[in-house]
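Residue-level structural notes
Given next are the chains, with one letter for each unit.
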Protein chains: 4
Amino acid sequence: MEVKFRLVARRNADGQTAVQIGPVTIGRGSLVIMAGPCAVEDYDRTLATALALKEYGVHVFRGGAFKPRTSPYSFQGLGKEGLEILAAVRDATGLPVVTEVLDTRDVELVCRYADVIQIGSRNMHNYALLREAGRAQKPVLLKRGLAATLEEWLLAAEYVLAEGNDRVVLCERGIRTFETHTRNTLDVSAIAAAKSLSHLPVIADPSHAAGRRDLVAPLALAAVAAGADGVMVEVHPCPGEALCDGEQSLDPAAFARLVPLLRQVAAARNGLAAAM
Amino acid sequence: MEVKFRLVARRNADGQTAVQIGPVTIGRGSLVIMAGPCAVEDYDRTLATALALKEYGVHVFRGGAFKPRTSPYSFQGLGKEGLEILAAVRDATGLPVVTEVLDTRDVELVCRYADVIQIGSRNMHNYALLREAGRAQKPVLLKRGLAATLEEWLLAAEYVLAEGNDRVVLCERGIRTFETHTRNTLDVSAIAAAKSLSHLPVIADPSHAAGRRDLVAPLALAAVAAGADGVMVEVHPCPGEALCDGEQSLDPAAFARLVPLLRQVAAARNGLAAAM
Amino acid sequence: MEVKFRLVARRNADGQTAVQIGPVTIGRGSLVIMAGPCAVEDYDRTLATALALKEYGVHVFRGGAFKPRTSPYSFQGLGKEGLEILAAVRDATGLPVVTEVLDTRDVELVCRYADVIQIGSRNMHNYALLREAGRAQKPVLLKRGLAATLEEWLLAAEYVLAEGNDRVVLCERGIRTFETHTRNTLDVSAIAAAKSLSHLPVIADPSHAAGRRDLVAPLALAAVAAGADGVMVEVHPCPGEALCDGEQSLDPAAFARLVPLLRQVAAARNGLAAAM
Amino acid sequence: MEVKFRLVARRNADGQTAVQIGPVTIGRGSLVIMAGPCAVEDYDRTLATALALKEYGVHVFRGGAFKPRTSPYSFQGLGKEGLEILAAVRDATGLPVVTEVLDTRDVELVCRYADVIQIGSRNMHNYALLREAGRAQKPVLLKRGLAATLEEWLLAAEYVLAEGNDRVVLCERGIRTFETHTRNTLDVSAIAAAKSLSHLPVIADPSHAAGRRDLVAPLALAAVAAGADGVMVEVHPCPGEALCDGEQSLDPAAFARLVPLLRQVAAARNGLAAAM
């Protein structure tokens, strides 16, 4: 399989690339924690959430301004206003922000506000968008498509790298299977396999995988145990009131209890790399 | 489930919408046959193919100018030049042409040349593109995403209709399953179910479902038997030389033998609608 | 792949085996129709159903005596009493009967009453049962496992043939996918592919695939169009009262309307074999 | 969903059942480690393996005597001779042994030799075998079917409990998905969800999930992080010579390096249960 990959392929046993996002290093044994609400709703609430998360050890703040929704009648995000809120929160907290872009025509706009641009699961096969992200001067968080094979996911990253942007972070977020008990099935094997095939860092999104709050913490721990370089977790100050994905959001207190456990598991799995 | 659908929902037992493409009516018991090569390669070959297909009874000519490819290093289509070839072939043969659009920024361009614009499987969840197609003045062929549920597929159509374009033709092209013997699994149940839930016409693409030549004819017949209003088949004058998807293309002679059998099956399944 | 198959592999282009069940020939262009209730409930109702079905052209009567149920608290079938009812119905109507066996210890018992023994989807990987069926003196109807690959299905048949019983009829009954709109996804490609790889006849069970009455007829037609040598359909005189799977059972009148359409589609698809 | 479960349902927040296997307790925060070769091959090698594994901290020795194989022409295990070897190894080492049973007629025989009887993935829907296991006087290790939903898996356990045997240990071993990079997709969500729905202990089999040696350790760590009460790992003294599944077997040295890391992760995830 490796012959298909030119730029994403791992070159040697040590060869992991670290992606730098401002002061934050992703990859090479570190554990990056990204968190925030599914969608940006208003400035005050977003700022309060970011301040709390910063205190709990979060490195990157996430929040959606353009939301891809299955129904055209669902809340679609605040758009440019959401980007402005994110930038203001970044300025107030010092936390880099990551947000999704949905349209080739918006890449430049999103890059003006965000520190990392996200290509979501529904757009992993959107090659026009991948190319545009490859021409951007920002790191790219590339989620795995909901039914993308490992090979397709790495080739999607190859599209970005082929345009000259090698700051790509892969993100496993669950795949679609027959099982309906969770929204998606977090594929921890893909985390380990992606890290073995590619030099790019890999993080996990346990929130979209689970689709339900009670499984987010076990899945986050499992992802880190399998080798993930970080996690991205949905946290909302009041999940019951969230405009989007409230049922899978942790409240800040639950999130705070999770963080030290993630570090403990990361220490153990780093031992694996050393031992093997 | 129906409550989620406003514009795509079937309103009454008889209420199927026919979509008109020039002289061709899709839906209401007719059987539309679309055929052509995966990708447009050059004018002479494309024209010769179209002339042969017209003689065999094809109603709409298909050909790709912008090709979505898993690898950035695969042939990506001729782009604007491909569109020009398609338009010239349409002018020479009188056959309406359908071709795929991949980027919101290209919708206007593609509409200038094509009679029907196709949203491919990889972009079914690309809501920005769906909206743009909804604002276009052309019929839209909307393929089902490779792991899209029936509900997500209909809601993707809802995005197009919600922008004011109600000339949408749904296209089942196989879903991703564990089975590797075929490239995808043609979901004939979804054809029957989509027609029962929605007033929109539904066709099938047996070529992408099968991924191998020998199964295209049986799958085309099965799709029509299940209620499809038409089929879209990849035909290449010399499949062994095709720049794209040759292994699943029929040659014109095999295609010619298939057409009358499709009509025979359509007659039988129209009997079902009358009997039930 | 073919090298793995010794006894089930197709030997030459014409080489389809016909399986004889009393006066009924399965394979070689014929269309066999099997129908009956999911579970045998009582003699009078079973006989009345069989008499009606015989009149409509059914060749083999189906009915479950041992029912594999997901929950231990669901109706498990009448067991030996059900077998006795089936045998009495066979004697009264002349229709051969097919019924499922679940336990290696029951194979001899079931063979005493049935004309065809069925290995159900849940037991396709039950190799002990397959071997026992291979030692039986009865034809075997072998359903595809709900997530079995084509290769595993053919190798399950190989288990039966390897014990000396070559009267095996394969039955596609839908596979498990992410789609929840139907109970399973009828894989018509597998019908065509199985017939191409193996000399064994292949039928389809549209009732278990659909899990809902309104899709049974379109799926039955699609299966035959794809090349199935027959169908097995659940028919209950009063689906609303069925002890098992009533929601997917046709009533006799709906079934009667379906039969001639199946024959029409079979004629068309036999033309395909002749033309190709 | 819970209403369907009578005996397997979790009764209260603390209510986990511990299953006792000789001196070994499974459940309630402990971490049980089962290991051994896929198939028992001969006494000397089996004993040597077991002695090494005991030294590394293994609690239960696994080894197959009856092997379910996709092809009838693959090595099928040593049968009764394999059971005798296992019992002799148990006597020599003091390690309880677990081995699979495939046929209702063999349950009594296997119980005579084994400390735990395993129902494998292919037989999870074999209700006759589940009932027979329910009547046995031995603990049952119940693997999840390769495409079984969480609900079906718990209902399979319900079959065992309904016959009076409540010593059931669930085992997640990967599910079948579209991804071919690993043999199966380890579903860590199901581990967490099963423990939340049921009082039964849950372990994981990372070896069958991965199907390749290099992913076994990351998957084992991930399973424990997600809440598994233990793991079952294939270890062979010389994987390249194994008669069965050598490509996914660890050698003893690699296994020895894994064990302390599993304990470290278990400590972290036990913190989760305490914190939440």
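These lines cover the structure that appears in this document, whether it is placed above or below.

So, on to the overall build of chain A. Secondary structure assignment for chain A yields 9 helices and 10 strands. In summary, chain A has a C-alpha radius of gyration of 17 Å against a globular reference of 19 Å for 276 residues, a match within 12%. Along the longest, intermediate and shortest principal axes, the C-alpha atoms of chain A span 50 × 40 × 40 Å. In chain A, which comprises 276 residues, the proportion classed as buried is 69%.

The buried count for helix α6 (residues 188-197) of chain D comes to 9 of 10 residues, which makes it a mostly enclosed element. Burial in α6(D) covers these residues: V188(D), S189(D), A190(D), I191(D), A192(D), A193(D), A194(D), K195(D) and L197(D). Along its buried surface, α6(D) packs onto α6 (188-197) and α8 (216-225) of chain A together with α5 (150-162), β8 (168-172), β9 (202-204) and α8 (216-225) of chain D.

Turning our attention to the interface of chain C and chain A. Residue-level contacts link 4 residues of chain C with 4 residues of chain A. Counting each side, the surface lost to burial between chain C and chain A is near 290 Å², with a carbon and sulfur contribution of 83%. If you sort the residues of chain C by the area they bury against chain A, R176(C), F178(C) and T180(C) come out on top, with a joint share of 90%. Linking chain C to chain A there are 0 salt bridges. Linking chain C to chain A there are 0 residue pairs in polar contact (both at pLDDT 80 or more). In terms of residue class, the side of chain C that touches chain A is made up of 1 nonpolar, 2 polar and 1 charged.

With an RMSD of 0.0 Å, the fit of chain C onto chain A corresponds to turning through 180° and sliding 0.0 Å along the axis. Here the two chains are linked by the operation of a two-fold rotation axis. The position closest to the rotation axis in chain C is occupied by the C-alpha of F178(C), lying 2.1 Å away. The residues that chain C uses at the interface reappear at the interface of chain A in 100% of cases, marking a shared surface.

Let us now look at helix α8 (residues 216-225) of chain B. All names here are of chain B. Counted residue by residue, α8 has 10 buried out of 10 residues, so it is predominantly covered. V216, A217, P218, L219, A220, L221, A222, A223, V224 and A225 are the residues of α8 that are buried. A positive backbone phi angle near 120° is found at G227, which sits one or two residues after α8.

Residue and element names in this part refer to chain C. According to the stated counting rule, one finds 80 salt bridges over all chains in the structure shown. Between K4 and E151 there is a salt bridge; the shortest N-O distance is 2.6 Å. Here K4, found in the segment before β1 (19-21), pairs with E151, found in helix α5 (residues 150-162); they are 147 residues apart in sequence, far enough to count as distant. Between D187 and R144 there is a salt bridge; the shortest N-O distance is 2.9 Å. Taken together, the residues D187 in the loop between β8 (168-172) and α6 (188-197) and R144 in the loop between β7 (140-143) and α5 connect sequence positions 43 residues apart.

Right, let's get into the interface of chain D and chain A. Taken together, the contacts link 47 residues of chain D with 47 residues of chain A. Across the interface of chain D and chain A, roughly 3400 Å² is buried in total on both sides, 74% from carbon and sulfur atoms. Put simply, chain D and chain A have 2 salt bridges between them. When the shortest N-O distance is used, the salt bridge between E179(A) and R144(D) registers 2.8 Å. Of the residues contributing to the side of chain D that touches chain A, the split by class is 29 nonpolar, 10 polar and 8 charged.

We now examine the environment of H59(C). All names here are of chain C. Along the polypeptide, H59 turns up in the loop between α1 (43-55) and β4 (60-62). Here H59 falls in the partly exposed class, since its relative accessible area comes to 24%. Sequence-wise, H59 and A253 are 194 residues apart; in three dimensions their C-alpha atoms are separated by 17 Å. The contacts of H59, once residues within four sequence positions are left out, are V24, L31, V32, I33, L95, P96 and R263.

Moving on, we get to unusual backbone geometry. For R28(A), which is not a glycine, the phi torsion comes out positive at approximately 60°. Taking the relative accessible area as the measure of exposure, R28(A) reaches 61% and is therefore exposed.

Conventions we followed
Residues numbered from 1 in each chain as written. Chains lettered and ligands numbered in written order. Predicted model: local features only at pLDDT ≥ 70, side-chain atom pairs only at ≥ 80, totals over all residues. Heavy atoms only, no water. Helix = DSSP H or I, 4+ residues; strand = E, 2+ residues; numbered from the N terminus. Rg over C-alpha atoms; globule rule 2.2 N^0.38 Å. Buried < 20%, exposed > 50% of the residue type's maximum accessible area, 1.4 Å probe, protein only. Contact = heavy atoms within 4.5 Å. Buried area = accessible area lost by both parts, 1.4 Å probe. Salt bridge = Lys/Arg side-chain N within 4 Å of Asp/Glu carboxyl O. Polar contact = N/O pair within 3.5 Å; in protein donor to acceptor, adjacent residues only side chain to side chain. Nonpolar A, V, L, I, M, F, W, Y, C, P; charged D, E, K, R; others polar. Least-squares fit on C-alpha atoms with pLDDT ≥ 70 in both.

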